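Residue-level listing of the chains:
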Amino acid sequence: MARLILDGVEKSFHGAPVVKGLNLTIEPGEFVALLGPSGCGKSTILRMLAGFENVSGGQIIHGDDCLSSSTRHVPTEERNFGMVFQSYALWPHMTVKENVGYPLKVQKTPTAERNKRINDALDIVQLKEYADRLPAQLSGGQRQRVALARSLVTEPDVVLFDEPLANLDRHLRATMEETFRAFHKRTGATMVYVTHDQSEAMSLADKIAVLNKGQLVQWGTPQELYARPRNTWLANFIGRGS
Ligand code: ADP
Ligand code: MG
């Protein structure tokens, strides 16, 4: 388990800055939310962490490894970060078990080990009885849990979430939040969780990075943010309700 550091991270698209001098130190096993309004750069930050995008400036460090800088870019598949995105893209022709085991197949993990890990992952998201179903035979919430199981089957140190509840019914969210908490407790993984929903961030995260227009507005525990918002913009954003 290693510390994840964003050190002066910058990102521009066609000369337009989208992420500006972002400094964050995320401790191993921390559940961190990146919270901010639509368009503030959250997904871009996650995509840089995942290695889908390079950085325009600064660096991303994981333990002793520099993952991204102006001269270095460790490819996505070598980062072994789990990812759960809004569109959870399961293979429609594969069963739940096959979908979850797919990353291990790619890694050529031996069958016995593969089956054990699939079982453990399905146990964490409470989908063991659904192992042989196809995605079309599941509800939206169950499909999202399959995606979650798939993201942890490679036992990543870090799991990245991009608004994973955005496409779900409101009543499913509370259940899913419970699943995320259980997931965090069971795996001990570092979680970086992007959302524009302040109540979601407040209820899930150990620490919250509030972002606006590509800049860090405040970094602290939910209690700190709530009790001492740094400026009026943040006070309004936090107090606004969802
Ligand atoms: P958020 O996830 O917070 O809604 P994004 O990171 O998706 O924000 O986007 C931040 C800004 O960067 C937006 O203005 C968006 O249009 C722009 N952007 C994101 N990706 C690209 C890209 N590949 N090319 C050009 N502009 C982009
Ligand atoms: Mg986004």
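Structure: above.
Throughout what follows, the structure given in this document is the object of discussion.

Parameters at a glance
- Residues numbered from 1 in each chain as written.
- Chains lettered and ligands numbered in written order.
- Predicted model: local features only at pLDDT ≥ 70, side-chain atom pairs only at ≥ 80, totals over all residues.
- Near = placed C-beta within 6 Å.
- Helix = DSSP H or I, 4+ residues; strand = E, 2+ residues; numbered from the N terminus.
- Nonpolar A, V, L, I, M, F, W, Y, C, P; charged D, E, K, R; others polar.
- Pairing = 2+ DSSP bridges.
- Axes fitted to C-alpha atoms, helices over the stretch in contact; angles between N-to-C directions.
- Core = buried A, V, L, I, M, F, W, Y, C linked by C-beta atoms within 7 Å.
- Buried ≥ 20, exposed ≤ 12 C-beta atoms within 10 Å, placed from the backbone.
- Contact = placed C-beta atoms within 7 Å.
- Expected span 1.5 Å × (residues − 1).
- Arc of directions from axis to C-beta.

**Quick notes on the site of ligand 1**
By nearness alone, every residue bordering ligand 1 is listed as Phe 13, Val 18, Gly 36, Ser 38, Gly 39, Cys 40, Gly 41, Lys 42, Ser 43 and Thr 44. By residue number, the principal contributor to the shell around ligand 1 is helix H1 (residues 42-50), which donates three residues. When its residues are assigned to classes, the shell around ligand 1 shows three nonpolar, six polar and one charged.

**As for the sheet that holds strand S10 (residues 215-220)**
What the six strands build is an open sheet, ordered S6-S7-S8-S3-S9-S10; its pairing is mixed. Strands with a single pairing partner mark the edges of an open sheet, and in this sheet they are strand S6 (81-85) and S10. Each adjacent strand pair in this sheet contributes to an overall mean axis angle of 15 degrees, direction not counted. Pairing analysis gives four bridges linking strand S3 (residues 31-35) to strand S9 (residues 207-212), with the strands arranged parallel. The residue of S9 that forms the bridge with Leu 34 is Ala 209.

**As for the pairing of strand S5 (residues 65-68)**
As defined by bridge partners, strand S4 (residues 57-62) adjoins S5 across three bridges and the pair is classed as antiparallel. Opposite Ile 60, over in S5, you have Ser 68 as the bridge partner.

**Comments concerning the nonpolar core**
Among the nonpolar cores identified, the biggest contains 61 residues, and Ala 149, Val 192 and Tyr 193 are the most heavily contacted of them. Sequence-distant contacts of Ala 149, defined by excluding residues within four places in its chain, comprise Val 100, Ala 121, Leu 122, Ile 124, Val 125 and Leu 127.

**Quick word on the sheet that holds strand S2 (residues 16-26)**
The strand order across the open sheet built from four strands is S2-S1-S4-S5, with neighbouring strands paired in antiparallel fashion. Sheet topology places S2 and S5 at the edges, where each strand pairs with a single neighbour. On average, adjacent strands in this sheet sit at an angle of 30 degrees to one another, irrespective of strand direction. Along the sheet face, H1 touches strand S1 (4-13), S2, S4 and S5 and points at about 65 degrees away from the line of S2.

**As for unusual backbone geometry**
Peptide bonds are mostly trans, and most non-glycine residues show a negative phi. The backbone phi angle of Lys 108 is positive, close to 60 degrees, even though this residue is not glycine. As for its position among the elements, Lys 108 is in the loop between helix H3 (96-106) and helix H4 (111-124). Unlike most non-glycine residues, Glu 163 shows phi in positive territory, near 45 degrees. Along the chain, the position of Glu 163 falls in the loop between strand S7 (158-162) and helix H6 (170-187).

**Brief notes about the environment of Gln 215**
Residue position: Gln 215 is located in strand S10. For Gln 215, a count of 15 C-beta atoms within 10 Å puts it in the partly exposed group. Separated by 139 residues in the primary sequence, Gln 215 and Thr 76 have C-alpha atoms spaced 25 Å apart.

**Here's the deal with H6**
With 18 residues, H6 should cover 26 Å at 1.5 Å per step; its first-to-last C-alpha distance of 26 Å lies within 8% of that length. Those residues of H6 not exposed but buried are Met 176, Phe 180, Phe 183, His 184 and Thr 187. Viewed along the axis of H6, the buried residues span an arc of 95 degrees, placing them on a single side of the element. Looking at H6, the residues exposed on the side facing more than 90 degrees away from the buried face are His 171, Ala 174, Thr 175, Glu 178 and Lys 185. Considering only its buried residues, H6 is in contact with S3, H4, helix H5 (140-152), strand S8 (190-195) and helix H7 (198-204). A positive backbone phi angle near 65 degrees is found at Gly 188, which sits one or two residues after H6.

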